[in-house]
Amino acid sequence: MIYGDRIRLRAIEKADLPSFVVWLNDPDVKQGLLLHSPLSQAEEDGWYERMLKRPIDEHVMAIDVRQPASAGHEDSWEMIGSLAFNDIDWRVRSAEMGIVIGAKNYWNRGFGTEAVQLLVQYGFTTLNLNRIFLHVFETNPRAVRAYEKAGFKLEGRERQAQFQDGRFIDVLRMSKLREDL
Amino acid sequence: MIYGERIRFRGVEKDDLPTFVTWINDPEVLEGIGIYLPYSMAEEQDWFDKMLSRPAEERNLAIEVKELNPQEEESWKMIGSCGFFNYDRRNDCAEFGIMIGDKTYWNHGFGTEAVHLLVQHGFHTLNLNRIYLRVLETNPRAIRAYEKAGFIHEGRQRQAEFRNGKYLDLLVMSILRGEI
């Protein structure tokens with residue numbers, strides 16, 4: 001596990017998949033993702049099997065939020081989303097990252113920013129990456145703000161790179177370098 | 001074949017591969033492309049077989065220049081190759097790459113003409129909406145050619161490549177259907 005202030009990152013389990021299917025079919029959540037068709041549990045199961053075959057450093061992690069402790073109980077955690085590196089290029093020490101906060105009642109409370117910060121820290125100080133980048137739709141200012149707060153810089157605008165709701169929108173590209181830490 | 005003013009595109013043949021291998025082992029050519037290791041004929045043949053199994057729109061094209069022999073007869077000489085990849089049908093978008101491997105044809109505008117011809121093919125035949133490319137910041141000759149062909153700078157991928165002991169930026173350029 002990778003522990004932050006209010007959150008932790010852990011490997012996902014098969015039991016997490018039904019929550020992912022609910023999130024990834026939520027139009028509000030999907031708006032910010034590359035996914036565009038309805039997603040079945042069967043497809044998600046297939047995705048999970050393929051994911052396990054990918055290099056271990058590209059496995060998807062669950063974002064858990066620590067819940068208020070009650071007397072005599074250990075910490076309990078609630079999963080609110082997931083994140084991962086993909087396309088790690090070890091020669092150039094560069095990787096893309098992706099994140100989804102699927103539990104909408106946790107939006108706008110800084111959990112996304114904290115999760116990004118934690119993953120970035122892990123990427124630079126444990127995986128020995130030099131560059132972490134991401135794509136975000138121009139229609140998703142909430143995400144852009146979170147990435148900016150986590151120290152990402154806008155490095156490009158891919159014009160009309162995504163077709164959504166009947167029109168082409170721009171895709172922003174942001175990155176953080178190890179020297180920016 | 002796709003004909004331009006001084007050049008044409010044709011499908012790549014197996015006979016072209018030895019020439020490609022010579023080009024992509026030339027350090028000067030290598031500086032501008034994504035390959036960074038010595039490349040064998042066996043690897044090139046393997047690339048060719050894989051390329052043939054890709055959708056027709058994504059297969060590489062040979063760039064040929066028209067030449068006249070002393071009898072004033074037309075002949076065609078291959079000077080490089082180009083093609084689309086990362087083809088995204090839903091978003092009508094593709095990345096493109098080009099290499100002029102025959103260095104005696106550098107700085108004569110053939111690259112610019114080839115880029116222009118391929119872009120036209122992409123918009124007018126393949127019905128693309130967006131064509132983009134990535135180019136190393138250390139390759140001003142290519143950047144100028146893309147600018148002349150109408151590409152617009154849209155981003156700088158910081159330290160996204162590593163060559164000769166240091167990190168280099170990759171520039172992203174694009175052209176949209178309405179801009180041709």
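Data block above holds the structure.
Here's what I pulled together on the structure shown here.

Rules behind the numbers
- Residues numbered from 1 in each chain as written.
- Chains lettered and ligands numbered in written order.
- Predicted model: local features only at pLDDT ≥ 70, side-chain atom pairs only at ≥ 80, totals over all residues.
- Heavy atoms only, no water.
- Helix = DSSP H or I, 4+ residues; strand = E, 2+ residues; numbered from the N terminus.
- Rg over C-alpha atoms; globule rule 2.2 N^0.38 Å.
- Buried < 20%, exposed > 50% of the residue type's maximum accessible area, 1.4 Å probe, protein only.
- Contact = heavy atoms within 4.5 Å.
- Areas by Shrake-Rupley, 256 points an atom, 1.4 Å probe, with all protein chains shown as cover.
- Lys, Arg positive; Asp, Glu negative; His and termini not counted.
- Charge placed at Lys NZ, Arg CZ, Asp CG, Glu CD.
- Core = buried A, V, L, I, M, F, W, Y, C linked by side-chain atoms within 4.5 Å.
- Disulfide = S-S within 2.5 Å.
- Phe/Tyr/Trp six-rings, centres within 6.5 Å; stacked < 30°, edge-to-face > 60°.
- Lys NZ or Arg CZ within 6 Å of the ring centre and 35° of its normal.

Structural notes on the overall build of chain B
- A count of helices and strands for chain B gives 5 helices and 8 strands.
- Its helices and strands in sequence order give chain B the pattern β-β-α-α-α-β-β-β-α-β-α-β-β, from N to C terminus.
- Taking 16 Å as the expected radius of gyration for a compact globule of 180 residues, we find that chain B reaches 16 Å, a close match to that expectation.
- Across its three principal axes, chain B shows a C-alpha extent of roughly 50 × 40 × 35 Å.
- Put simply, chain B has 180 residues, and 50% of those count as buried.
- At a minimum sequence separation of 6, the contacts of chain B that also span at least 24 residues come to 59%.
- Element-wise, carbon and sulfur atoms account for 50% of the exposed surface of chain B, whose accessible area totals about 9100 Å².
- Positive and negative charge centroids in chain B, built from 22 and 29 side chains respectively, lie 4 Å apart.

Here's the deal with the nonpolar core
- Among the nonpolar cores identified, the biggest contains 51 residues, and Ile63, Phe85, Met97, Ile99, Tyr147 and Phe152 of chain A are the most heavily contacted of them.
- The element contributing the most residues to this core is helix H4 (residues 111-125) of chain A, with 7 residues.
- With 48 residues, the next largest nonpolar core counts Val65, Leu117, Ile143 and Ala149 of chain B among its residues.

Here we look at the state of the cysteines
Residues and elements named next belong to chain B.
- Under the counting rule described, the total for this entry stands at 0 disulfides over all chains.
- Left unpaired, cysteine 82 is separated from the closest cysteine sulfur, that of cysteine 93, by 17 Å.
- For cysteine 82, a relative accessible area of 1% translates into the label buried.

Section: the environment of leucine 52 of chain B
All names here are of chain B.
- Structurally, leucine 52 can be placed in helix H3 (residues 41-52).
- The exposure class of leucine 52 is partly exposed, given its relative accessible area of 43%.
- Considered as a pair, leucine 52 and proline 38 are 14 residues apart in the sequence and their alpha carbons are 23 Å apart.

So, the packing of aromatic side chains
- Enumeration according to the criterion identifies 13 aromatic pairs over all chains in this entry.
- When the ring of tyrosine 3 of chain B is compared with that of tryptophan 76 of chain B, the centres are 5.9 Å apart and the planes differ by 65°; the resulting orientation is edge-to-face. Here tryptophan 76 of chain B lies in strand E4 (residues 74-88) and tyrosine 3 of chain B lies in strand E1 (residues 2-3), a separation of 73 residues in the sequence.
- Looking at tryptophan 76 of chain B, the relative accessible area reads 21%, which means it is partly exposed.
- Cluster of aromatic residues (ring-pair linked, three or more members): Phe20, Trp23 and Trp47 of chain B.
- Stacked on the ring of tryptophan 107 of chain A, the Lys or Arg arginine 142 of chain A has its end atom at 3.7 Å from the ring centre.
- The lysine or arginine in question, arginine 6 of chain B, covers the ring of phenylalanine 110 of chain B, its NZ or CZ lying 4.0 Å from the ring centre.

Nothing here speaks to function; it is all geometry.
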